[in-house]
Structures are given as C-alpha cells and as structure tokens.
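Next come the chains, spelled out residue by residue.
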Number of protein chains: 4
Amino acid sequence: MRKTVSLGNGLTIGGDGFVVMAGPCAVESREQLLTVAEAVAAAGAAVLRGGAFKPRTSPKSFQGLGEAGLRLLSDASNLTGLPVVTEVMDPRDVELVAAHAAMLQVGSRNMQNFPLLREVGRQRKPVLLKRGAAATLDELLLAADYIRNEGNGDVLLCERGVRGFDPSTRYLLDLAAVPVLRSRCDLPIIVDPSHGTGAAHLVAPMAKAAMLAGADGLLIEVHANPEQALCDGKQALRPEEFAALAAELRHLAPHSGRRWIGPVPVGGTLNEVRAAGRGVLVSPQQSSEEPS
Amino acid sequence: MRKTVSLGNGLTIGGDGFVVMAGPCAVESREQLLTVAEAVAAAGAAVLRGGAFKPRTSPKSFQGLGEAGLRLLSDASNLTGLPVVTEVMDPRDVELVAAHAAMLQVGSRNMQNFPLLREVGRQRKPVLLKRGAAATLDELLLAADYIRNEGNGDVLLCERGVRGFDPSTRYLLDLAAVPVLRSRCDLPIIVDPSHGTGAAHLVAPMAKAAMLAGADGLLIEVHANPEQALCDGKQALRPEEFAALAAELRHLAPHSGRRWIGPVPVGGTLNEVRAAGRGVLVSPQQSSEEPS
Amino acid sequence: MRKTVSLGNGLTIGGDGFVVMAGPCAVESREQLLTVAEAVAAAGAAVLRGGAFKPRTSPKSFQGLGEAGLRLLSDASNLTGLPVVTEVMDPRDVELVAAHAAMLQVGSRNMQNFPLLREVGRQRKPVLLKRGAAATLDELLLAADYIRNEGNGDVLLCERGVRGFDPSTRYLLDLAAVPVLRSRCDLPIIVDPSHGTGAAHLVAPMAKAAMLAGADGLLIEVHANPEQALCDGKQALRPEEFAALAAELRHLAPHSGRRWIGPVPVGGTLNEVRAAGRGVLVSPQQSSEEPS
Amino acid sequence: MRKTVSLGNGLTIGGDGFVVMAGPCAVESREQLLTVAEAVAAAGAAVLRGGAFKPRTSPKSFQGLGEAGLRLLSDASNLTGLPVVTEVMDPRDVELVAAHAAMLQVGSRNMQNFPLLREVGRQRKPVLLKRGAAATLDELLLAADYIRNEGNGDVLLCERGVRGFDPSTRYLLDLAAVPVLRSRCDLPIIVDPSHGTGAAHLVAPMAKAAMLAGADGLLIEVHANPEQALCDGKQALRPEEFAALAAELRHLAPHSGRRWIGPVPVGGTLNEVRAAGRGVLVSPQQSSEEPS
C-alpha cells in the first residue's frame, strides 16, 4: 500500500491519482502570478507553484520577492483555491514559508542542506524534496530520511534532471529514477520536466513520458510572457501550451492506469472573485509593502 | 515530412507507426532463438533482434556464435517472417552480415568507428546506429552523416542510455534525446530500454515512457531463461513479460498518436513449420558447422 | 598580482607560498584531535582542519560533536599554534563557528546554499569554499561572488572532486580546475585529494600532482587509527604517512616554483604544554560538557 | 617488477624512466611534419607522434593523409631518429601502419573496437591504448586483455580525459587514473594532457602534474602554427612552448624519482640531413601521390 500525502484542502497526492503542479518559476508581480494561476487552474492543475525565495547561480540575478512573494502566493491560493508549493532555502525562513504555503519545496541545490532538512522535518506541512544534480537515488532517499526522522513523514520525491554532458538539454532528466524509486520506497514521486530539460519544446513529451514511467505528478513552469520572465523563461510554457498539454495528460491518464486529479472546486471563479474586489491588482513594489 | 525506412518485407519504420524489435541479446542456440522468435512474433514484435557477433567488455565472455549465429537468425527470420536486425562490429564482416540480416546494427561502442560507418554506408540495408555512452546528440548525428555520405540514407538512430553516475541503473536512459533528435533530423528514432536500464523490472515503464516521448520504436531483449542467458540476462524480459508489455503498448499506441505495426503475416505458424521438419533443433556446436 | 589571504596569526595563503591544512575528518575526542594536531604540526602543516559539524549522507551516521567539537578545535589551536579551519553548515551557526575558527569552510554540498554564503560573507574570517560535486567552475566563481558581495573578499576556492562514473575513486579529482581557475580569478586555490579520491593510497600522488598543477595549498585528512575513524577512514592518512608526504612536498616545492610555508612557531611544544597541565585528556562526553 | 616496453631502437618505456611523445595532431605536409619533428627532437622528446588516419567527429573534417601520411612519418623517423607512434583505426590497415610505425595507437573512440584490438594483438609492435571517454579503468584493462590475449603483451595505457560536464575543458583529465592503474597492473601508463584539456594553456600544468601523479610518459601535441592546424589547433603547443615545458619536465624528473629519457642519438642533425638533399619539401597533395 503506497503512501498518500494530503495537502489539507481535500487534495491527496499519491496512490492511483495524478496531479499537476504548475505556475511561474518566480513570483514577479500580482498580475503575473494571478494570470498564470487562473490559467493553470482552468487547465486542470491541482497545485500552484511559484518561487518567492529563488536560488540563483549569480548574486546579480533576480533573487525573488521574498516575503512579499509569499503573500502574493497566499492571495493567489485564496483566489483560485489551489494549494501552493514554494521553495524555502533558509532554515530561518521555514516557519514563515510554512505559514503561507500548503507544501514546502526543498530545491535541488539544498538536497543535502541538512539543517534545512531537519527544520522542514519539524513543521507539519508536506515537503517536496528535489533530487540534487549529482545525487544518487540512495542519497535522495537518505535526504528524505533526515526529514522523516524529525517526525514529518509527508515527503514527496522529485526527479528534476541530473548533470549531464550534452548541452542539448539543461539537465539530463532521469526518468528511470521513477520506477527505481517506486521499488525502493512508498513516497509519491513527482517529475519536473521544465528544469529537467530547460527547453519549453521538450516539456510536453517528457511530461507524458513521466506519466507513463509511473510518476504520481508533475511540476511544470508556466509564464504568460516567457520572453520577459525574470527567471528561466526558456523552459516556461505559455498558458495555452500548458492547457493543451494538460488536456493530453488528462486524456492519457486512464489509459496509463491513473486517475486525473484536477483542482478542488472553490466557490466562484477567479473572475467572480476579482469582480467582487478581492483580487485588486497591485505592483510588486506595492505588494511588498502591504500588510500580510 | 519525416523519413520512413523500409525493411524490404513490407515493413516500414518511421512516420506515424510504432514498431517493436525484440529477441535475445545473443543468439545462443537454435532452440533458444526459435523459442524467443516465436514468442515475440506472437506477441506482436515486427522485427527480430539477436546478436551473432557480440561486443563484450572482457575477452573471456561469450563472444557470440559468429557466422553460425547469422545462419540461425536467417532461419528464424524465414520461419517467423520477422525481418532480422543484428550487430556488425568488423568492416570486413559487413557483406556477410548484410547477406543474412534485413537491418545492420552499429553498436554503441562503435558509434565513432568510422571505417565501419563508411562500410555500412556502402551497402544497401538500413542501419540502426546506437548512440555512444559518452556521445552528444550532435556527435550521433555526425556519425549518421558518415553512413549517409556513402550513399545509404536509411539510418535509424537509437538511444540506449549514456554513462551516468548512479549504480541504480546500468546506463542513464536519456529519453529527452527523442524529442531533441526529432527537432534536428527526420530519421526514425528507436529506444533500447533494456541496455538503457540494465534491469528487467525497469524495461516496461521506460518502454511506455519512450513511446510517449515520441519514439518510433523500441529494441527489447527477451530470453526464455534469463538466469541462464550467456549475455545480459538481468535485463531480459521473459516471453510472458514481453507479451504483457506488448499488449500494453499496443493499447497505448492510438492514445499517443501512434499506429501499432505488428509482424507482417507469413504462411504458417512456427509450430506448423516445425512440424514440417524445417526447424530441427541443433546445439550451437553443431549449428556452427552446418552448411548455410 | 594575486590575492593573498591572511589567517591572522602571521600565516598568509596565496602568492608563491604553499600551505598544507591537515587533520581529522571529524573531531571525535580531545585525545584523537590532539594526537593528530601535534603530528601534523610536527610534519609541517600550517593549518589544522577538523569537522565539528559534519554533513553526513545518512542521518544515522555520526553528525559531529557540534559546539563541543569547536571548543576542542580551539584548544588544539592554542596548544599547537595552528590556526583552525572547520566547516559551518547552518547560517545560524556562523557566528559561533567564527568565534572558534580562523577560517570557515563551506562544504561541497553547500556550495549553492545561498543564505549560508551570504552569512559567511558578513563576518570577517576567510572562507574556504569547496566546489560542488556537479558544479562548473563558473558556478563556483559565482558562488564566491555571493560571499564577496557581502563584503568578505577573503575567499579560497577548493577543488575536491566532481561526480564521476568510475567507482575506482569516490569522486573524480579535476586538477585541470586549478589552472583554469588561475586564469579566471586571483583567489587562492586549494586541492583536497582526500575527498577527491576517497582512498588513502591515492592521496600522496594526487597531492604532489596538485602542487605541480599550480595549487596554493592542500587539505588532507589524517587520523591516528583510520580503521576506527567515525568518518571517512578509508581516505585518511596515518600520521607517519602524512609526515612522509609532507617531507616530499617540502622537497618538491622549490623545484615547482613554490615556497613551503610551515607552521608559525609557538612557544613550546605540545608535549611541554601537556606537561604543564594545559592539555588534560578527556573523553568526548566530558569535553562536550565542559565550559568553553 | 614493472613491465617495460622496448620500441626497437634502444628506447625503453616504463620502469623508472620518463618519456615524452610529441608531434602534430595530424600529419599535414612534409614541411609541417619535419619542422615539428626536428623541434620536438631537439627539445628532448623521445618519440614522434602524428596522425595519418584521423578519427574525426564530422565526415567533412580533414580525415588525414592516409598512407601518404604514413610515408611522411617514416621519413621523419628516419631523419630525426625518433620512433613514431601513429593511430590505426581499421583492422584492415594494421599491417600497413605497423610497417611504418614503431608503435600503434588505438584511439579513445576505438577502445572497445574489439576486432581492431584483436588485430593489433596479432602483430609485433607495441600498442598505445587510449581510454574511452566513458570507460571505467576496469574496462580499459579488459580492453588491454583483448590485445594481450592474442599474444602481444606490449601494451601501454593512456589516460586522455573522460567526458565531463564542464565546458571549461574539452575532456576531464582523470589523473587519479594513473595511481589507480599502477595499483592494478604493471603496464606503462601515459597521459595525454593535450586531448585531456583541449586548451594549450592547460597542457604544461597538467603535464607536470601527470609526472608527479606517477605517469611513465606524456603524449603532447605540437604545431608550428596552431591557428592554421587542420586538426585540434587549440590544444597544440608551439615548438618554443614545448621546448620550455620539456626543459621544466627534464628538471623536475629527478626530483620526482624519474629518469629523463631523451631521444636516442642519431648520426647527423635534421639540418645536415636536409642539406644532403634527403628532406625535399613537397606539398601534401604531392606527397599523397608520390610512390612509397
């Protein structure tokens, strides 16, 4: 019997279901986030992803909106009904991030950041643990043990590509990791074809392949204007591309033995919510100053 | 418009079709080969694979039956109606192998064996070119150019895993290579999940994933007694496992936009052929001495 | 003109000098640490290394003595006169570790732990930054920029092996990284042949090779009883092996254009210090309870 | 007691000696070859290297002068007294190449070209076997066994870099392979820092590092006009750079426990030979048409 993880809004990951988590790489502004959030919800994503704290290779790259980004994610979650997964990089931020998100992401670069693993193990939200670019699957499982040893058994494992030698792709997506992990543990297994390939035109084939390899879900980056994205625009799908992919996946799911899990219904569409004045658009600057 | 390759018996690879090539890693004996050949034909494989010349890491490992193995493959092809693909390692053997096989395989270790590439480029049978374990996709395409420059445009590219760092799998199957190659050339693309994983329990999920990644076909190892195989038994499916996988793939094909291409019908089953005395079982030793 | 980094006791790293930093992988007890510290000082090491906070792949492995280990390192530094380099893993521990060590180490797993990089950039001790196992040299230099951007320019880069595919060695020591980094930056470059190979018998040849490749120094693990080490015993040299290697390196230095930099003289040998009652041996248990 | 290999002119490789093999990547013309041959001999190289049959990634790249190149190598050997090592790619060319060269090279791409290994095992010249870019050291040793099993025990192993992920270098030179191989076999071990780095400015530091890692010799590319080289010009040293490196290596040898082995003296310098009319310059086109 495989483990399932509940996100607290009635959504369960694992088992025979299949979930898609989608959203922008980085939260850039309220408008940017809500546009995407609405689009992915409408297309059938069950979870909203988006980064407020961004681990960037260079200190000169956009580092994320931080706490203001978390508040925007909270708002987007309230408006769309989608639970939010977002990354936490600093053990001192775990409590803050957990206050805004339904699920915490530990990124690839932090897979063996043991103080962080212990800290996310001490709070009560599920943790999406991404495989390090040079990590074996045994090392990934031992990293998960750091979280579970602190009392938090709700860990999801995420394959997102390892370091390869061919510049054709940003990383080398190791889909065989899915059935290997399946044979070694009972945790839900998620695949990130966006980081795993680094190229938008490769996301759809690898997303479908991941489903057939046995994944329990996907993590996909979507941006309304990939050319202007502040982070990883080359790998982002446009909303209409995502909608087409989601439709394919939804069709394919039963033929691969999976039950498609869409968003949990909420009272009213985003447009209705906006019309009701609950979704006023503000600039990032404004949003970073508004009370949480 | 994508290129299709004809195997001369009415079978065409590429386009919207999906073919499975299956058989033992190495031809060991008439009995071993025919048992598997019959099984994979019955299960829906369109091409029989099997090695007569085996590239083995150690000189002390079984090196294949050589020309006797080729004759057994010819016989099996005649009996089952399946065209045969088999590896050629030596430029001096190209003519011989081409006389017995419908398609020549250039193995991973020989992807940049340029004299061999030129020689297979000078004969008229299609060539299945396997990616080297450290080869970039551009290098694979340039290796194909060596064959095409000699006048043979019927090249199929085969992803079979690159060298990775995780001992969980024998190689790291790079499924993103499929859509990348698709975007760079019009050649048929085949995936070998047997060598690409090295473990029988991983073959089925990766075979299905390869189909969804956009492959035109699969190369799968099947052995009636994997424990006793003289070569790579750990990655061989049993006939009944292969039949179950083939049934899944056949079901999945239309839902992934593919047309399943089974074996071309032949006059009479293998059992009927055997009953007619055309399939006398001999030991490998005997078979290597019998006239062709 | 290349940058030099001063450790505050008169020791300078970089320029035309060559320094060896040596000591146990993990601080296990006062006796273990002092035995090794005395031995490496006598053999010519200029810096004492030793881990108090240990990043271990499994949560069930020995995790280090923590603050008690830091106090033992302080004691060993006072007794031998060797400045101490030790790892810090948690941004919340930076101040504590900086209070006990002359140089902070950021380990390979944390090369892209950006909150940690920023925190060590805000204190005033030099930082030894180890290359991640899947990090390009450009990524290493950008990680150094995170530290320098906070105001701390005293960064030393450390090559310690990247992830390779051959189980012959634990990691693949990339010595070409030394001249490549030399051509891209002016920071001191250190090589760790202990982690870079994972095998004691490979440490000496790779240490000498690193000197000739142009390194400014080495980081070498030494343990009096490698078989009983709580961490990475297979790669530790015995004190007598280290002494022999240090003698070779000292001899080789001028012939490779380097000036050997031994320990800064202190008042009295460790034995004299012990005789004076300043070096009472205690068990780890005791030491972890004594006041700092 | 370690194995030594004799090249037939009194030169012995292995044991406590250290030899440098140098010359152009590809033989381009008589003038080009003789200029370099004279320079490397004068600088202390003991063996002349140069490619007549070139394994090139693209069929459109210069493929070498073939047999005409072999004749030029023979001439250069006669004129300088340096024995020649050159690559053979095709089993059908082994006899021809062995007639012109003192040592046969099996290139990295052919390390597991087993028909070729068997063929070079059946002739009586030493074989320089280069490690494949994705080959483990055990696989390299098993490839050597293919040669030795045919009766030719004179195999030299060559580390020339494996496939890495960092574009900073063309390959990742694995110097730890030297002591690992030393501990597993008694064959001479050669390092190729030219292919191993792909960049001329990295050759000298890695050459010296290789000596200290325990190599028995080096393979170094030298070209009088690297910018105009038909093959791999970026990694070629100019003659004066090679002379400076050779002087450094010669100085370093005794301090690293090695005896420098320069060229075997011959009667007369190359200039004297040329003055005597034995070194008429011809263009590559001419040379490829001249009778042998």
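Before any of the text, the structure's been laid out above.
A brief look at the structure comes next. (Residues numbered from 1 in each chain as written. Chains lettered and ligands numbered in written order. Predicted model: local features only at pLDDT ≥ 70, side-chain atom pairs only at ≥ 80, totals over all residues. Heavy atoms only, no water.)

Digging into the overall build of chain A
Here is step 1 of the chain: Across its full length, chain A holds 11 helices and 11 strands.
Here is step 2 of the chain: Relative to the compact-globule value of 19 Å for 292 residues, chain A shows a C-alpha radius of gyration of 17 Å, a close match.
Here is step 3 of the chain: Over its C-alpha atoms, taken along the principal directions, chain A stretches across nearly 50 × 40 × 40 Å.
Here is step 4 of the chain: Here chain A, with 292 residues, has 65% of them falling under the buried criterion.
Here is step 5 of the chain: For chain A, long-range pairs separated by at least 24 residues make up 70% of all intrachain contacts whose partners lie at least 6 apart in sequence.
Here is step 6 of the chain: When the accessible surface of chain A is split by element, carbon and sulfur atoms take 49% of a total near 9,300 Å².
Here is step 7 of the chain: Charge-centre separation for chain A: the mean point of 30 positive side chains lies 2 Å from the mean point of 31 negative side chains. (Helix = DSSP H or I, 4+ residues; strand = E, 2+ residues; numbered from the N terminus. Rg over C-alpha atoms; globule rule 2.2 N^0.38 Å. Buried < 20%, exposed > 50% of the residue type's maximum accessible area, 1.4 Å probe, protein only. Contact = heavy atoms within 4.5 Å. Areas by Shrake-Rupley, 256 points an atom, 1.4 Å probe, with all protein chains shown as cover. Lys, Arg positive; Asp, Glu negative; His and termini not counted. Charge placed at Lys NZ, Arg CZ, Asp CG, Glu CD.)

Notes on the relation of the copies chain B and chain A
Here is step 1 of the chain: You can overlay chain B on chain A at an RMSD of 0.0 Å; the transform is a turn of 180° with a shift of 0.0 Å along its axis. One copy is carried onto the other by what is essentially a two-fold rotation axis. Using C-alpha coordinates, one finds that chain B approaches the rotation axis most closely at A209 of chain B, a distance of 2.0 Å.
Here is step 2 of the chain: An overlap of 100% is found between the interface residues of chain B and their copies at the interface of chain A, pointing to a shared contact surface. (Least-squares fit on C-alpha atoms with pLDDT ≥ 70 in both.)

Considerations on the pattern of salt bridges
Here is step 1 of the chain: Following the criterion strictly, the structure yields 88 salt bridges over all chains and no others.
Here is step 2 of the chain: It is possible to trace a salt-bridge network through shared partners that takes in D90 and R92 of chain A together with E119, R122 and E150 of chain C. (Salt bridge = Lys/Arg side-chain N within 4 Å of Asp/Glu carboxyl O.)

Quick word on the relation of the copies chain C and chain D
The operation relating the pair of chain copies consists of a rotation about an axis and a translation along that axis.
Here is step 1 of the chain: Note on the copies: chain C fits chain D at an RMSD of 0.0 Å, the axial shift is 0.0 Å, and the rotation between them is 180°.
Here is step 2 of the chain: Most of the interface of chain C is mirrored in chain D: 100% of its interface residues are interface residues there too.

Observations concerning the interface of chain B and chain A
Here is step 1 of the chain: Contacts between the two partners involve 33 residues from chain B, matched on the other side by 33 residues from chain A.
Here is step 2 of the chain: For the pair chain B and chain A, the summed buried area comes to about 2,500 Å², and 73% of that belongs to carbon and sulfur atoms.
Here is step 3 of the chain: Of all residues in chain B, F165, L212 and H255 of chain B bury the most surface against chain A, accounting for 22% of the area lost on that side.
Here is step 4 of the chain: The interface formed by chain B and chain A contains 2 salt bridges.
Here is step 5 of the chain: The shortest N-O distance in the salt bridge between D166 of chain B and R131 of chain A comes to 3.4 Å. (Buried area = accessible area lost by both parts, 1.4 Å probe.)

Regarding the pairing of strand β3 (residues 17–23) of chain A
All names here are of chain A.
Here is step 1 of the chain: A large share of β3 lies buried, amounting to 7 of its 7 residues.
Here is step 2 of the chain: Every second residue of β3 is oriented toward a common face, with G17, V19, M21 and G23 on one face and F18, V20 and A22 on the other, all of them buried.
Here is step 3 of the chain: Here β3 pairs with strand β11 (residues 259–260) via 2 bridges, running parallel. Counted as the bridge partner of G17 is R259 from β11.
Here is step 4 of the chain: Sheet topology note: the β3/strand β10 (residues 217–221) ladder contains 5 bridges and is parallel. Within β10, the position partnered with G23 by the bridge is E221.
Here is step 5 of the chain: Where β3 lies against strand β4 (residues 47–49), 2 bridges are found, and the strand directions are parallel. Looking at β4, one finds that A22 is bridged to L48.
Here is step 6 of the chain: The parallel pair β3 and β4 is bridged by helix α1 (residues 30–43), and the resulting crossover is right-handed. (Pairing = 2+ DSSP bridges. Right-handed = clockwise from strand over helix to strand, strands pointing away.)

Examining the interface of chain C and chain D
Here is step 1 of the chain: Taken together, the contact between chain C and chain D spans 33 residues of the former and 33 residues of the latter.
Here is step 2 of the chain: Carbon and sulfur atoms make up 73% of the area that chain C and chain D hide from each other, which totals about 2,500 Å².
Here is step 3 of the chain: Of all residues in chain C, F165, L212 and H255 of chain C give up the largest surface area on contact with chain D, accounting jointly for 22% of the area buried on that side.
Here is step 4 of the chain: For the pair chain C and chain D, the number of links is 2 salt bridges.
Here is step 5 of the chain: Between the two partners, chain C and chain D, sit 9 residue pairs in polar contact (both at pLDDT 80 or more).
Here is step 6 of the chain: Elements represented by at least two residues in the side of chain C that touches chain D include exactly α6 (177–184), α8 (200–213) and α9 (239–252) of chain C. (Polar contact = N/O pair within 3.5 Å; in protein donor to acceptor, adjacent residues only side chain to side chain.)

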